[in-house]
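Structural overview
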Amino acid sequence: MPTPKGSWASEHSRVQAKYNMHLAAGLGFTAFTVFVGYQTGSFYLNLGPELNTKVNVLSHEQVRQQAAEAAAAAATIVEEPIPEPEVVASSEIVEEVVPVAVVEEAAPVAIVEEVVPAAVVEEAAPVAIVEEVVPVAVVEEAAPVPEVASVIIEEVAPASVPESVEAVPAPSGNESGPSDQSEVVAATAAAVAVAGDFPVHVPYLLIGAGTSSFAAFRAIKSRDPKAKVLVIGEENHLPYMRPPLSKELWFSEDPEVSNKLRFKQWNGKERSLFFEQDEFYCNPVELNSKDNGGVAVVRGHRVVKLDIVGRKAELDDGRTITYDKCLIATGGKPKSLPSLSSAPKDVQEHLTLFRNIDDFQRLDSISRQVKSITIIGGGFLGSELACALGRRAKSNGLEVLQVFPEDGNMGRVLPKYLSQWTTEKVKAEGVQVMPKAIVEGASLEDNKVVLTLNDGQKIKTDHVVVAVGLDANTDLAVPSGLEIDSNFGGYRVNAELEARSNVWVAGDAACFYDIKLGRRRVEHHDHAVVSGRLAGENMTGAGKPYWHQSMFWSDLGPNVGYEAIGIVDSSLETMAVFAKSTAADTPRAVVEATGEGVRSETENAASEQSSLKESSKLHAPVAGEDYGKGIVFYTRNDVVVGMVLWNVFNKIPVARRILKEGLTTDKLAEAAKLFDLHE
């Protein structure tokens, strides 16, 4: 050990001074750090009212959370004047203990101001009042209570909540608040989770309230029974089926059919146009509070934008909803003709672009008042409406005309010979059919629409119905960053119907990849059902590709109809076989036999089995042949890609199997036997 310079006392003083300097520097640095942290909000020193009270150091995130909660409470809580302290006997002291602030001894205790009155803690000292949103700590047992104690009971008005949410009633002055504070938190959360008339967050959001959404939420509920599903629809109606709008509803003899929206199927059985009764759906405000989940429909609103990354939907009124999974099922918009869409406003008032319930109700009323109606379009919808109105014309003298550019009715689907035969059937229903006619202009004269055709003819009519097809409703594509298929239109999706992460598309608006027939877009009821069901299953994690071949059907009244599957295009090569029909080979007969008018449902009862009885040999149809019933095969590269079952019903499973197997044209003679045409 080295010998110190000078005395031991002087050396001790020098070392002590050095130590003191280091200590002072350390304390100064610590104090500076605490000061900076406190001022910047990195933490908060929650000091109690007495020296022996514990200190809670809160993180920056905890401080921000408490500040947000306090701000929310301040915005909703309505304070009343604090009553003067009242001295009461100790026997009147409230026994319940409410978590408020940390107190170890008989210190003043905080009463919480919240939606329900705060319970009063039994203590020996006067009670202080502290405004908080929710309790954050636990009250420890107080010291023994003297014979007399001061108790303050403060009445707090319920927090203001949206009109559609029932406010939590405040207990009277002689009642204590709920002992389980989780009930208070749940009630407050329920109020915050609702904005106006619907929730601000839902697990499943379905955009569009049509057939695809209906099929989707049924699939979701079947796989996730407690699912909470919110449907947003632009129409002011609950989900309904569209096919009867151009079929059975027009054959009703009830003058109130457009108000009741109930119809008789071809077998006479009555049913509603709506998929479910009103009681099936829950109030959107109550959706998130349903323990077993439910389905709610918001009507009369439209989603205008999706934030795909943030999983947020923006509505037409500016409100937003967050979601976990989203389905776009916006369907299609009816097309018009350039010559009509550019017509003057007075002409537009005499036009109906037929698509929904409102269009049916309007046209039903008009058809009972005017003397003439002209239908533009020769496809499924136009031909069905022509037959329906033609049937009504026989009883009220209405003049019905049908104009289209093809050679015959449904000329883009049926082979020419069958299309022309169908036209004769439509004429027999009382319709004046004008094929090979194109509308080039429209004007109004004497309150009648004057249509100018490509050959110079002019048609004067009271009202015009436009039924020339659909455009996929892709209004969300641009603002939401979704891809539109350049060839077929519609949102481009994969085989699982997914457009983007957690966003699916179904129905008319989906351009999907068919693993058997390639990329397609289909506009029929059964496709809406099948694709909606698949999307719903995949939203719950199924991960299934689209492989099911959907079908479609068309009825030209109760006696002529057909079912089709696959790609049916009159530009393809076709081969067909026909036989004489019987009374059992009509739409009316199949409904009477099955009790179901929705043909995509009757096929579920059909069988793929066949007796393999001999059918007539496959041949090209000849002039004058009776096309009572038959099968038309559509081929591409010598492979069957589609079929029309003409007045042949409940054989779609057989047709679907043929498509699945990729049958070639050299085997069609054997395939025709499967349909038992000569039973």
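What you see is a predicted model, and the numbers here were worked out from it, not measured in a lab.

What counts, and at which threshold
- Residues numbered from 1 in each chain as written.
- Predicted model: local features only at pLDDT ≥ 70, side-chain atom pairs only at ≥ 80, totals over all residues.
- Heavy atoms only, no water.
- Core = buried A, V, L, I, M, F, W, Y, C linked by side-chain atoms within 4.5 Å.
- Buried < 20%, exposed > 50% of the residue type's maximum accessible area, 1.4 Å probe, protein only.
- Contact = heavy atoms within 4.5 Å.
- Axes fitted to C-alpha atoms, helices over the stretch in contact; angles between N-to-C directions.
- Helix = DSSP H or I, 4+ residues; strand = E, 2+ residues; numbered from the N terminus.
- Left-handed = near helix turned anticlockwise from the far one by under 90°.
- Nonpolar A, V, L, I, M, F, W, Y, C, P; charged D, E, K, R; others polar.
- pLDDT = per-residue confidence, 0-100.
- Pairing = 2+ DSSP bridges.
- Right-handed = clockwise from strand over helix to strand, strands pointing away.
- Salt bridge = Lys/Arg side-chain N within 4 Å of Asp/Glu carboxyl O.
- Polar contact = N/O pair within 3.5 Å; in protein donor to acceptor, adjacent residues only side chain to side chain.
- Phe/Tyr/Trp six-rings, centres within 6.5 Å; stacked < 30°, edge-to-face > 60°.

**A look at the nonpolar core**
- Within the largest apolar cluster, 54 residues are counted, with the highest numbers of intra-cluster contacts made by L205, L206, V229, L230, L306, L327 and I328.
- In contact with L230, not counting residues within four places along its chain, are P199, V202, Y204, L205, L206, P284, L287, A296, V298 and I321.
- Listed in part, the 50 residues of the second largest apolar core include M241, L385, C387 and L418.

**Considering the packing of helix α4 (residues 211–223) against helix α12 (residues 525–539)**
- Two elements in contact, α4 and α12, have axes whose closest approach is 7 Å; the angle formed by their N-to-C orientations is 35°. Relative to α12, α4 is oriented so that their crossing is right-handed. Between α4 and α12, the contacting residues are T211, S212, A215, A216, A219, I220 and R223 on the first element and H525, A528, V529, S531, G532, R533, G536, E537 and M539 on the second.
- A breakdown of the residues in the contact of α4 with α12 according to their chemical character gives 7 nonpolar, 6 polar and 3 charged.

**Observations regarding the confidence of the model for the chain**
- Across the chain, the average pLDDT comes to 77, with 68% of residues at or above 70.
- Ignoring residues within four places in sequence, the model shows residues 47–55, a span with pLDDT below 50, making 12 contacts including any to other chains.

**Comments concerning the pairing of strand β19 (residues 372–376)**
- Taking burial as the measure, the 5 residues of β19 include 5 buried ones, the bulk of the element.
- A two-sided burial pattern is seen for β19, the buried positions comprising S372, T374 and I376 on one face and I373 and I375 on the other.
- Here β19 pairs with strand β20 (residues 399–403) via 5 bridges, running parallel. The residue of β20 that forms the bridge with T374 is L401.
- Following the chain from β19 across helix α9 (residues 380–396) to the adjacent parallel β20, one finds a crossover that is right-handed.
- Looking at chain direction, β19 and strand β25 (residues 463–466) are connected through 4 bridges and run parallel. Counterpart to T374 in the pairing with β25 is V464.

**Notes on unusual backbone geometry**
- A positive phi angle, near 55°, is found at M410, a position not held by glycine.
- Note that M410 resides in the loop between β20 and α10 (416–428).

**What to know about the pattern of salt bridges**
- In this structure the tally under the stated criterion is 24 salt bridges.
- Between D407 and K416 there is a salt bridge, with the nearest N and O atoms lying 3.8 Å from each other.
- Relative accessible area serves as the criterion here: at 34%, D407 is assigned to the partly exposed category.
- The residue D462 makes a salt bridge to K448 at a minimum N-O spacing of 2.5 Å. With D462 in the loop between β24 (458–461) and β25 and K448 in strand β23 (residues 448–453), this residue pair connects regions lying 14 residues apart in the sequence.
- Among the residues examined, K448 registers a relative accessible area of 27% and is labelled partly exposed.
- Each member of the salt-bridge network shares a partner with another, and the members are D364, R368 and R392.

**Points about helix α8 (residues 357–367)**
- All buried positions along α8 are accounted for by I357, D359, F360, L363, D364, I366 and S367.
- Contact partners of the buried residues in α8: α5 (257–260), β18 (351–353), β19, α9 and β25.
- With a side-chain oxygen lying 3.1 Å from the backbone nitrogen of D358, the N-terminal cap of α8 falls on N356.

**What to know about the environment of T452**
- Of note, T452 is situated in strand β23.
- By relative accessible area, which is 22% here, T452 ends up partly exposed.
- Remark: the alpha-carbon pair of T452 and V439, spanning 13 residues in sequence, is separated by 5.8 Å.
- When near neighbours in sequence (up to four residues on either side) are disregarded, T452 contacts I438, V439, E440, G441, Q457 and K458.

**Re the side chain of T423**
- Secondary-structure assignment places T423 in helix α10.
- Polar side-chain contacts of T423 include one of 2.8 Å to the backbone nitrogen of N409.
- What T423 contacts, discounting residues up to four positions off in sequence, is G408, N409 and V433.

**Topic: the side chain of S367**
- Relative to the helices and strands, S367 resides in helix α8.
- Here D364 takes part through its backbone oxygen, which lies 2.9 Å from a polar atom of the side chain of S367.

**Examining the sheet that holds strand β21 (residues 432–434)**
- Read across the open sheet, the 5 strands follow the order β18-β25-β19-β20-β21; overall the sheet is parallel. Both edges of this open sheet fall to β18 and β21, since each of them pairs with a single strand only. Averaged over all pairs of adjacent strands, the angle between strand axes in this sheet comes to 20°, irrespective of strand direction.

**Description of the pairing of strand β10 (residues 228–233)**
- Across the 6 residues of β10, 6 count as buried, placing the element largely inside the fold.
- The alternating pattern of β10 places K228, L230 and I232 and V229, V231 and G233 on opposite faces, both of which are buried.
- Of the strand pairs in this sheet, strand β9 (residues 201–207) and β10 are connected by 4 bridges, and their pairing is parallel. Directly across from I207, in β10, lies its bridge partner I232.
- Regarding the hand of the β-α-β motif, the stretch spanning β9, α4 and β10 is right-handed.
- Judged from the 6 bridges that link them, β10 and strand β13 (residues 294–299) form a sheet pairing that is parallel. When the bridges of β13 are listed, V231 appears paired with V297.

**Quick notes on the sheet that holds β24**
- An order of β22-β23-β24 is seen for the 3 strands of this open sheet, with the pairing classed as antiparallel. Looking at which strands have only one partner, the edges of the open sheet turn out to be β22 (439–445) and β24. Taken pair by pair, the neighbouring strands of this sheet meet at an average axis angle of 20°, ignoring direction.

**Focus on the packing of aromatic side chains**
- This structure, assessed with the given rule, holds 14 aromatic pairs.
- Where Y562 meets W646, the ring centres are 5.6 Å apart and the plane angle is 15°; that geometry is what we call stacked. Linking Y562 in strand β33 (residues 561–566) with W646 in strand β36 (residues 639–646), this pair joins segments that are 84 residues apart in sequence.
- Of the residues examined, Y562 reaches a relative accessible area of 1% and is grouped as buried.
- Relative to F675, the ring of F633 has its centre 6.5 Å away and its plane inclined at 65°; by these criteria the two rings are edge-to-face. You can see F633 sitting in strand β35 (residues 629–636) and its partner F675 sitting in the segment after α16 (668–672), a full 42 residues away along the chain.
- Given the relative accessible area of 0%, F633 is considered buried.
- Here a set of aromatic residues connected by ring pairs shows up, and it is made of F214, F217, F275, F280 and Y281.

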